[in-house]
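Breakdown of the fold
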Amino acid sequence: MKELNKIERLKAKCTPADFLARIDNVDWYAPSEADRFYLKNYGIYNIKLRPERWMLRLRFDGGRIDAKRLRHLGDLALRERLRPLLTARGQIELHDISPERILPLWRECGERGLLSWQTLTDNFRALVTDPLSDCAPDARIDTFALLDAIRERFLARPEWLGTLPRKFNTALIGREIPSFNPWGNDLLFALAEKEGRWGFNLYLGGKNSETAQNADIFCLPEHVADLFESVARVYKIHGYRGSRSKTRLFHLIQKVGMPQLREWIARDFDRPLETAGAPKMQSSIHNRDRLLPIRRFGRHGEIDPQTLLKIADAAETRSRQLRLTPHQELWIFNPKIIQNPKSKIQNPASDRGGITACAGLRYCPLSLWDIKKDLEFLPMKRLESLGVSLGFSGCLKGCGRHYHSDLGLIGLRTNLYAETERAARIFLGALQAPDPAPGRLLYYSVPLRGLSALIHAILDSYEASGRESFEAFSRHTLWLYSTEFLQLWFVAAQLYDLCDLYDSFFRGEAESALLTRLEKIDGEERPVDEWIRTLTHRLWDLKAS
């Protein structure tokens, strides 16, 4: 057996559940590394880089929150001068809590029904579903009751508190066209039909950099909680607990294979497993929920306490529904209008694109960019008007979901083209149903000063394609080519007019045509990788030759 990592050794000395009895003894001004781990199991977060500030992450499975709890949250944040932040799993974080206030506020939140248990580290994170799962016309299964049944199996239970090998994300989709991309979850229940019965196909092993894989299992709604627990037990028993970078469910599948994992699940499940049914969940790109009469709050996750209080008042006085969403937004709407297709109206103020941005340097010292503010360096209006999704992460942890967006960015620093400067790693072309795939790494490092022009070049090619969505452009054009050729194409497009090559580009026949063009311009022949080095430096180099 491989040696346990340091977190597993901590669990062996004291379980996260047993730590609760010691929580009053924590030195909140200088917590130990062990204390920092144990506190994460209760949603309390602090790191060495910013020891004077604490964060509390509250869970709202399915994004459900009522006006009363929202008002408590707004009052608390206003009173304590905290900064609320909406997350991409429908949770709310409270930032800038002082050491002397974190424990009293944690207890106060718990007393008011604002739970924070198991929102960090090796736990089942907040369960996500579509925000309109109970009222959208294309909803075939109301997943909220199923989320509750799953949640009862693990929440605040000692045997599950911090005992997984690594974090575990779960999504249930009962709509034909979800409003977000759910493929990056460890466990995905995706709408399916078999022999006239609505249920779910099971997909396993998704994470920030991978899409969940087909487990060839069909599950009826009444068996969802049991199947979830069987998968959880298999992962808890067989999951790796060595290097923290290789302990997700994905790594177990990679090592033993999906057939073996399915066999373990079948042994644990108390009834025969059915093979997968017909998939009915489509790509979220076809979703038009952003045109529904829904009021949306939260600019890339940021929202102020006063706005929370105003939303709570509006929801209570007008009997409206509230949802925290994977879009890092808080929605308020009338479910009766959503249920009636004839009463839908377009909301011209709604953006078509989806932007997911990690917390950034303002909230997380691990980030190299102030992501919320630095979005202004990007052509946001064009991205949104074209309906192109963007995931922006401030570090390699990938909280901005850059692998699961049309365009993905990681903020970093480089000295490749100049003295040390801000730059971004670029990912391109994530796919969803029917054959999901994460975006590909396009450029390892693009200086900030060249980032907007590069994105415009990518969008120029997309618009010229005439495709109905960027995902369709990715599937039918970008995925025809190697990453290496795409690197060359988009750099060359910024230096030279390639409009006459577009037709061959969309047919997948542009490689030789582009190389011929470049040879005529420079008067010499080079392999693709040498052209890439030459043109990227020609475009971005500020260093003295």
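Higher on the page you've got the structure.
All residue numbers refer to position in the chain's written sequence, counted from 1. Reporting in this predicted model follows two pLDDT cut-offs: at least 70 for local features of residues, and 80 or more for side-chain atom pairs to be given and counted; totals over whole chains, interfaces and linings ignore these cut-offs and use all residues. By convention in this description, side-chain values take in all heavy atoms of the structure and omit both hydrogens and water.

1. Notes on the packing of aromatic side chains
Two aromatic rings from Phe, Tyr or Trp, using only the six-membered ring of Trp, form a pair when their centres are within 6.5 Å; if the ring planes differ by under 30 degrees the pair is stacked, by over 60 it is edge-to-face, and anything between is tilted. In the structure shown here, the tally under the stated rule is 29 aromatic pairs. Ring centres of phenylalanine 124 and phenylalanine 228 lie 5.0 Å apart, and the angle between their planes is 55°; this geometry places the pair in the tilted category. Of this pair, phenylalanine 124 sits in the loop between α5 (99-111) and β5 (128-129) while phenylalanine 228 sits in helix α7 (residues 224-238), and the two are 104 residues apart along the sequence. Neither residue differs from the other here; phenylalanine 124 and phenylalanine 228 are each classed as buried. The interplanar angle of 40° and the centroid separation of 5.7 Å between the aromatic rings of tyrosine 462 and phenylalanine 473 together place this pair among those described as tilted. The numbering of helices and of strands both runs from the N terminus, where a helix is a DSSP run of H or I of at least 4 residues and a strand a run of E of at least 2. Throughout this description, buried means an accessible area under 20% of the type-specific maximum (1.4 Å probe, protein chains only), exposed means over 50%, and partly exposed covers the range between.

2. What about the sheet that holds strand β13 (residues 330-333)?
When DSSP locates at least two bridges between a pair of strands, those strands are taken to pair. Ordered by their spatial adjacency, three strands build an open sheet running β11-β13-β12, and the pairing between neighbours is antiparallel. Edge positions in the open sheet fall to β11 (295-297) and β12 (321-324), since each of these has one partner strand only. For this sheet, the mean angle separating the axes of adjacent strands, direction not counted, is 20°. Looking at chain direction, β11 and β13 are connected through three bridges and run antiparallel. The angle between two axes is taken between their N-to-C directions and runs from 0 to 180 degrees, where each axis is a line fitted to C-alpha atoms and a helix contributes only its stretch in contact.

3. Re the environment of glycine 439
Residue placement: glycine 439 occurs in the loop between β17 (421-428) and β18 (440-447). Through-space distance from the C-alpha of glycine 439 to that of leucine 407 is 7.7 Å; in sequence the pair is 32 residues apart. Apart from the residues lying within four places of it in its own chain, the contact partners of glycine 439 are Tyr403, Phe427, Leu428, Gly429 and Ala430. The contact criterion used is simple: two residues touch if any of their non-hydrogen atoms lie within 4.5 Å.

4. A few points about the side chain of serine 504
The residue serine 504 is located in helix α17 (residues 502-506) in this model. With near-sequence residues (within four places) excluded, serine 504 lies in contact with Tyr481, Glu509, Ala510 and Ala513.

5. Observations concerning the sheet that holds strand β4 (residues 92-97)
By definition, the strands of a sheet pair up through backbone hydrogen bonds, in either a parallel or an antiparallel sense. Taking strand neighbours across the sheet as the criterion, the four strands line up as β1-β2-β4-β3 in an open arrangement whose pairing is antiparallel. Looking at the sheet topology across the chains shown, the edges are occupied by β1 (44-45) and β3 (83-86). Direction of pairing for β1 relative to strand β2 (residues 54-58): antiparallel, over a ladder of two bridges. Within the sheet, the bridge partner assigned to tyrosine 45 lies in β2 and is methionine 55. Its contacts with the sheet place α5 against β1, β2 and β4, and it is angled at close to 10° to β2.

6. Some remarks on the packing of helix α4 (residues 67-80) against α5
Closest axis-to-axis distance for the α4/α5 pair is 12 Å, and the angle between their directions is 165°. Classed by the angle they form, the pair α4 and α5 counts as roughly antiparallel. In this structure, the crossing between α4 and α5 has a hand that is right-handed. Contacts between α4 and α5 involve Leu76, Arg79 and Glu80 from the former and Arg101, Leu105, Glu108 and Cys109 from the latter. Split into classes, the residues belonging to the contact of α4 with α5 amount to three nonpolar, no polar and four charged. For classification purposes, an angle smaller than 35 degrees is called roughly parallel, one larger than 145 roughly antiparallel, one from 65 to 115 roughly perpendicular, and anything else oblique. When the near helix sits turned anticlockwise from the far one by under a right angle, the crossing is termed left-handed; a clockwise turn instead gives a right-handed crossing. Amino acid classes used here: Ala, Val, Leu, Ile, Met, Phe, Trp, Tyr, Cys and Pro are nonpolar; Asp, Glu, Lys and Arg are charged; the rest, including Gly, are polar.

7. So, the pairing of strand β8 (residues 197-204)
Most of β8 sits inside the fold, with six of its eight residues counted as buried. Note: strand β7 (residues 187-194) against β8, eight bridges, orientation antiparallel. Each bridged residue has a counterpart across the sheet, and for lysine 194 the counterpart in β8 is arginine 197. Where β7 folds back onto β8 in an antiparallel hairpin, the turn is made up of two residues, including glutamate 195, whose phi is positive at roughly 55°.

8. Digging into the side chain of aspartate 61
Here aspartate 61 is to be found in the loop between β2 and α4. Polar contact criterion, stated in full: a pair of N or O atoms within 3.5 Å, where within protein one must be able to donate a hydrogen and the other to accept it, and residues adjacent in sequence count only if both atoms are side-chain atoms. In terms of polar contacts, aspartate 61 uses its side chain to reach the side chain of arginine 59, at 2.9 Å. A polar atom in the side chain of aspartate 61 sits 2.5 Å from the side chain of arginine 151. If we ignore the near neighbours within four places in the chain, the residues touching aspartate 61 are Arg125, Ala126, Leu127, Leu147 and Arg151.

9. Considering the environment of histidine 476
Examined against the element boundaries, histidine 476 turns out to sit in helix α15 (residues 470-476). The contacts of histidine 476, once residues within four sequence positions are left out, are Arg467 and Phe506.

10. Observations regarding the nonpolar core
Ranked by internal contacts, the top residues of the largest apolar core, which has 54 residues, are Leu451, Trp489, Phe490 and Phe505. Setting aside anything within four residues of it in sequence, one finds leucine 451 in contact with Trp369, Leu378, Leu409, Ala424, Ile426 and Val446. Within the second largest apolar cluster, 50 residues are counted, among which are Ala171, Tyr203, Ala215 and Met258. Take the buried Ala, Val, Leu, Ile, Met, Phe, Trp, Tyr and Cys residues and link them wherever side-chain atoms come within 4.5 Å; each set so joined is a nonpolar core.

11. Structural notes on the pairing of β18
Of all eight residues in β18, six are buried, a share of seventy percent or more. Relative to β18, β17 is paired through five bridges, and the arrangement is antiparallel. Directly across from isoleucine 426, in β18, lies its bridge partner tyrosine 443.

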